[in-house]
Amino acid sequence: MPAILTQPESMDTLEKHAQRPDSPVGIQGGQHAGSSDGPVSWSVDAVAGLFELPFADLMFRAQVAHRENHDPNAVQRSTLLSIKTGGCPEDCGYCPQAARHDTGVGNEPMLSVDAVVEAARSAKANGATRFCMGAAWRSPKQRDLEPVLAMVRQVRALGLETCATLGMLKPGQAGQLREAGLDYYNHNLDTAPEFYGDIVSTRTQDDRLDTLAQVRSAGMNVCCGGIVGMGETRRQRAGLIATLANLDPYPESVPINHLVRVPGTPLENEDALDPLEFVRTVAVARITMPRAMVRLSAGREEMSEAVQALCFLAGANSVFYGDRLLTTGNPDVERDHALFDRLGIHGLEPARSAAEADAVPAQAT
Ligand code: SAM
Ligand code: DTB
Ligand code: SF4
C-alpha cells in the first residue's frame, strides 16, 4: 500500500471538523461486525445514506478518507491488453465480446506470448506500473492456462505488477497463477446481488464469489469492482458497493466502470447516467474501502476532463492507461499526460521494485 500522506496539520483540521458531533460529514459510517476491532460491516442503508449526502459533504468525507490513506496527487496506471478477444459463451448484457451479441467483435485466437510481452514492455516504457491481461472466457481450459502462465512470468520479469482476468477459476488454477507470479486477479461483481440476474443469466454472482474466495486462498491480491449506468437504481449502486466493502478483506483494487454502451449489446440504448452520480459512486467506494486503490475504469473516453478531475477529488487514485481497454477506446497517453499535468498529478511508483521482479507475489495485505 502506498505511503500515508504527510500533512499532519491540515489532516488534523479536516478530521476535527469531520468528527464534530453536529457535523453532517462525521467520519463514522460502517458498523463493526462483532468486536470493535473486527471488520467493518456496511449495511445497504448506511451506504445508501452516503449517496444521499449533499455533494459537498460527500466529497469532504471522501477526501478525508483519501488523504488519511493515500497521496492525493498520485495516480496509479494500469495498462490493459486483450490476450484472447471475442467468442465468449457467456451472455453478460454489457459485453461486446459475448458471441451472441452482434457487435462486430470477432472470435480471435489467443495472442502469442511474445506479442503480449512486447505490449507489456511498451506499456512500461509509457509509465504503466501494472499490466492486466484479459481473456473472453467463461473459465480457462488447462491448455489455455499454460501460455497465460508463461505470459505472467515474463511480464513480471519486466518489473511490472501483473494482473489477469480470465473468468471463473477451477480448483487449482488460482494456485498455478500465483506460482507463476500473478499479483492481482480481476473478477468483478459488476452490480448489486438483486440486479445481477437482469444483466447475466449464464452464471450467478455466487459463482463470482466462489472464484474470489479461491483467489484469496491462493494468496493473490483481489481486483474487484463493478459497472454503473446499466439501469440500476441508486440503492442498487449502494448494494454493489456494500457487497464489495463487506468482502473480508475488501479488495485491494476496486475498478469503477462506467458502462460503455456498445452497439449490438442489449444495453446499447441504456439512458446516460448523471455524471455527478458516477462521481458519487467513486466517493462512496473511497469512504467504504479507504485503503483500496479505486480505479476510474471503463467509460473515461466519453467523460469530460472536469468530471475526471471530480473523480480524482472523490478519491479515485488509479486509471486504465493506454488508448485501448479490451475492445473499446480509452484516452491516449498524451491526453492523460496533459490532464495529469493540469491537475498536478504524478504517476505512482510500482509497489515493488524491478529487483523483486523474480520473487513470488507478496501475501495480500
Ligand atoms: N471474461 C472475464 C470476466 O467476465 O470476468 C474477463 C473479461 S470481462 C470483459 C472483464 C470486465 O469488463 C467485466 O466484468 C466488466 O466489468 C467489464 N466490462 C465488459 N464490458 C464492459 C462495458 N461495455 N462497459 C464497462 N465495463 C465492461
Ligand atoms: C475492469 O473492471 N474493466 C476492464 C478490466 N477490468 C478488464 C475492462 C473494461 C472493458 C470495457 C469494454 C471493452 O473494452 O471491451
Ligand atoms: Fe465473456 Fe467476460 Fe464478456 Fe461476460 S464479461 S461476455 S464472461 S468476456
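Everything in this summary refers to the structure shown in the same document. (Residues numbered from 1 in each chain as written. Chains lettered and ligands numbered in written order. Predicted model: local features only at pLDDT ≥ 70, side-chain atom pairs only at ≥ 80, totals over all residues. Heavy atoms only, no water.)

Some remarks on the site of ligand 2
As a reminder, the rule being used: A molecule or strand has a residue near it when one of that residue's heavy atoms lies within 4 Å. In protein, a polar contact means a hydrogen-donor-capable atom and an acceptor-capable atom, both N or O and within 3.5 Å, with residues adjacent in sequence counting only if both atoms are side-chain atoms; elsewhere, any N or O pair within 3.5 Å suffices. To be clear on the numbers: accessible area is Shrake-Rupley with a 1.4 Å probe, and residue cover counts the displayed protein chains and nothing else. For this classification, Asp, Glu, Lys and Arg are treated as charged, while Ala, Val, Leu, Ile, Met, Phe, Trp, Tyr, Cys and Pro are nonpolar and the rest, including Gly, are polar.
Inspection of the region around ligand 2 gives Leu80, Pro96, Thr165, Asn186, Asn188, Pro255, Asn257, Phe320, Leu325, Leu326, Thr327 and Thr328 as its neighbouring residues. Take Asn186: an N or O atom from its side chain is 3.3 Å from a nitrogen atom of ligand 2. A distance of 2.7 Å separates an oxygen atom of ligand 2 from a polar side-chain atom of Thr327. Relative to its unbound accessible area of 410 Å², ligand 2 is 89% covered by the protein chains. Classifying every residue of the shell around ligand 2 by side-chain character gives six nonpolar, six polar and no charged.

Looking at helix α6 (residues 173-180)
Put simply, the rule reads: With a 1.4 Å probe rolled over the protein chains alone, any residue whose accessible area is under 20% of its type maximum counts as buried; one over 50% counts as exposed, and the rest are partly exposed. For helices the rule is a DSSP run of H or I covering at least 4 residues; for strands it is a run of E covering at least 2, with both sets numbered from the N terminus onward. Directions are taken from the helix axis to each C-beta atom, and the arc is the one they span. Should any heavy atoms of two residues lie within 4.5 Å, those residues are counted as being in contact.
What α6 keeps buried is the set Gln173, Ala174, Leu177, Arg178 and Ala180. The buried residues of α6 occupy an angular sector of 160° when projected down its axis, which confines them to one face. Tucked into the core, α6 has its buried residues touching α5 (142-157), β6 (184-186) and α8 (205-217). At the exit of α6 stands Gly181, carrying a positive phi of roughly 110°.

Side note on the environment of Arg121
Checked against the element boundaries, Arg121 lands in helix α4 (residues 113-126). Taking relative accessible area as the criterion, Arg121 reaches 42% and is therefore assigned partly exposed. When the C-alpha atoms of Arg121 and Gly159 are compared, they prove to be 9.6 Å apart, with 38 residues separating the residues in sequence.

Digging into the site of ligand 1
Inspection of the region around ligand 1 gives 19 residues, with Tyr94, Asn188, Asp190, Arg208 and Val260 positioned closest. Within the side chain of Asp190, a nitrogen or oxygen atom sits 2.7 Å from an oxygen atom of ligand 1. Between ligand 1 and Arg208 there is a distance of 2.9 Å, counted from an oxygen atom to a side-chain nitrogen or oxygen. Calculation on ligand 1 without its partners gives an accessible area of 550 Å², and the protein chains cover 91% of this total. Residue composition of the shell around ligand 1, grouped by class: 10 nonpolar, seven polar and two charged.

Quick word on the packing of aromatic side chains
So the rule is basically this: Pairing of aromatic rings covers Phe, Tyr and Trp, the last counted by its six-membered ring, and requires centre-to-centre distances within 6.5 Å; plane angles under 30 degrees mean stacked, over 60 mean edge-to-face, and any other angle means tilted. In our convention, an over-ring charge means Lys NZ or Arg CZ found within 6 Å of a ring centre and within 35 degrees of that ring's normal.
Evaluation of the coordinates by the stated rule reveals one aromatic pair. Between the aromatic rings of Phe312 and Phe340, the centroid separation amounts to 6.1 Å while the plane-to-plane angle is 85°, which identifies the pairing as edge-to-face. Pair noted here: Phe312 is in helix α11 (residues 305-313) and Phe340 is in helix α12 (residues 333-343), with a separation of 28 residues, a long-range link. Overall, Phe312 belongs to the buried group, its relative accessible area being 6%. Arg77 extends its terminal NZ or CZ atom over the ring of Tyr321, reaching a point 5.0 Å from the ring centre. For Arg295, the ring lying beneath its charged end belongs to Phe320, and the centroid distance is 5.0 Å.

As for the nonpolar core
Nonpolar side chains in soluble globular proteins generally cluster together in the buried interior. Quick note on the threshold: To define a nonpolar core, start from buried Ala, Val, Leu, Ile, Met, Phe, Trp, Tyr and Cys residues and group those joined through side-chain atoms within 4.5 Å.
Ile83, Phe131, Leu166, Leu177, Phe278, Met289 and Phe312 are the most contacted members of the largest nonpolar core, which has 80 residues in total. Aside from chain neighbours lying at most four places away, what touches Leu166 is Ile83, Met133, Ala135, Trp137, Arg138, Ser139, Pro140, Leu145, Val148, Leu177 and Tyr185. Tyr94, Ile227, Met230 and Leu267 belong to the second-largest nonpolar core, a separate cluster that totals 12 residues.

Things to note about unusual backbone geometry
A cis amide bond links Asp248 to the next residue, Pro249, at an omega of 0°. With respect to the helices and strands, the residue Pro249 is situated in the loop between α9 (234-246) and β9 (253-258).

Brief notes about the pairing of strand β4 (residues 130-135)
We count it as follows: Note on pairing: two strands pair once DSSP finds at least 2 bridges between them. Note on handedness: a crossover is taken as right-handed if, strands pointing away from the viewer, the path from the first strand over the helix to the second is clockwise.
Across the six residues that make up β4, a large majority, six, are buried. Sheet topology note: the strand β3 (residues 74-84)/β4 ladder contains six bridges and is parallel. Counted as the bridge partner of Ser82 is Gly134 from β4. The parallel pair β3 and β4, bridged by α4, forms a crossover whose chirality is right-handed. Across five bridges, the pairing between β4 and strand β5 (residues 161-165) is parallel. Within the sheet, the bridge partner assigned to Met133 lies in β5 and is Ala164. Handedness of the β-α-β unit built from β4, α5 and β5 comes out right-handed.

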